Structures are given as structure tokens and as C-alpha cells.
Amino acid sequence: MTAQKKQTQVRLEPEVLAAGKDAAAARGLDFNRYVERLIIEDTTGTRAAGMSAAQRLIDQHGAFLDDLEQQLDAPYAQPQPGAAA
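All figures in this text were calculated on a predicted structure; none of them were measured in a lab. (Residues numbered from 1 in each chain as written. Predicted model: local features only at pLDDT ≥ 70, side-chain atom pairs only at ≥ 80, totals over all residues. Heavy atoms only, no water.)

Peer 1: Even after reading the chapter, I still don't get the overall build of the protein chain, so can you show me in this structure?
Peer 2: When helices and strands are counted, the protein chain shows three helices and zero strands. The secondary structure elements of the protein chain, listed N-terminal to C-terminal, are α-α-α. Compactness check: the protein chain gives a C-alpha radius of gyration of 21 Å against a globular reference of 12 Å for 85 residues, more than 25% above the reference. With respect to the three principal axes, the spread of C-alpha positions in the protein chain is 65 × 35 × 25 Å. (Helix = DSSP H or I, 4+ residues; strand = E, 2+ residues; numbered from the N terminus. Rg over C-alpha atoms; globule rule 2.2 N^0.38 Å.)

Here is the structure:
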């Protein structure tokens, strides 16, 4: 049996609300579901686990990723023949 959801009211600055709605839309969620997921991820440790994994990846492979990024960006850093200066 699923517990009935409760309604609450949150006051946000207009810019924060707009950013939240944009982030929700980018994830294919409505704003309420997006906020619910943020709270669940924050209070269950899911978000912290993801951030920790991302930090380990950066710590272990950051230099490689930086080098790869530079290699991929290099062709676009040079002026192209015929391109306007």
C-alpha cells in the first residue's frame, strides 16, 4: 500500500524556480517529481555516493581527461585557412 502524498508550499526566488523548472524539464520530469527526487537523493546518500564516485574518477584519471580535452580542442584553437580573423 502506498502512502498518500502530502502537499507543501515552498517559496523560491523567481530565478531559482525557473532554474529548477528548466532542470526538471531537461530530465523529463515535472517540477514536483524533480524536487522529490532531489530530496530522496540527498537524504538517502545516493547523491553523496555519486559525487564521491565522480571525485574518485577525477582523482584517478583527471590528468588523462585534461590531456584528452586539449587534444580534442586543439584543431579548433588554430585559425582555419579562409576563416575571418
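There's more to say after this.
Peer 1: In this structure, what is going on with the pattern of salt bridges? I would like to understand it.
Peer 2: A side chain with one charge can pair with a side chain of the opposite charge if their charged atoms come near. Applying the stated rule across the entire model yields three salt bridges. Among the ionic pairs, lysine 5 bridges to glutamate 36, the shortest N-O distance being 3.4 Å. Highlighted residues: lysine 5 in the segment before α1 (14-26) and glutamate 36 in helix α2 (residues 31-44), separated in sequence by 31 residues. On the basis of relative accessibility, which here comes to 27%, the residue glutamate 36 falls in the partly exposed class. Between glutamate 41 and arginine 37 there is a salt bridge, with its nearest N and O atoms 3.9 Å apart. With glutamate 41 and arginine 37 both in helix α2 and four residues apart, the pair spans about one turn of that helix. Overall, the relative accessible area of 27% leaves glutamate 41 in the partly exposed class. (Salt bridge = Lys/Arg side-chain N within 4 Å of Asp/Glu carboxyl O. Buried < 20%, exposed > 50% of the residue type's maximum accessible area, 1.4 Å probe, protein only.)

Peer 1: What is the right way to read the environment of alanine 25 from this model?
Peer 2: One can find alanine 25 in helix α1. Sequence separation between alanine 25 and glutamine 4 is 21 residues; the distance between their C-alpha atoms is 25 Å.

Peer 1: It is not clear to me how α2 should be interpreted in this structure. Could you clarify?
Peer 2: Along an α-helix, residues three or four positions apart point the same way, because every turn accommodates 3.6 residues. With 14 residues, α2 extends 20 Å from end C-alpha to end C-alpha; this agrees with the ideal 20 Å at 1.5 Å per step. After α2 finishes, the residue glycine 45 shows a positive phi value of roughly 90°. (Expected span 1.5 Å × (residues − 1).)

Peer 1: Just checking my understanding: could you explain helix α3 (residues 46-77) for this structure?
Peer 2: Compared with the 46 Å implied by 1.5 Å per residue over 32 residues, the 39 Å span of α3 between its first and last C-alpha is markedly short. Of all the bends in α3, the greatest measures close to 75° and is centred on histidine 61. (Bend = angle between axes of the 7 residues up to and from the residue.)

Peer 1: Sorry if this is basic, but what is going on with a nonpolar patch on the surface here?
Peer 2: A cluster of nonpolar side chains, contributed by Leu57, Phe64, Leu65, Leu68 and Leu72, occupies part of the molecular surface with about 470 Å² of accessible area. On the basis of relative accessibility, which here comes to 54%, the residue phenylalanine 64 falls in the exposed class. (Patch = residues over 30% accessible without salt bridge, like charges linked within 9 Å, V, L, I, M, F, W, Y side chains within 5 Å. Areas by Shrake-Rupley, 256 points an atom, 1.4 Å probe, with all protein chains shown as cover.)

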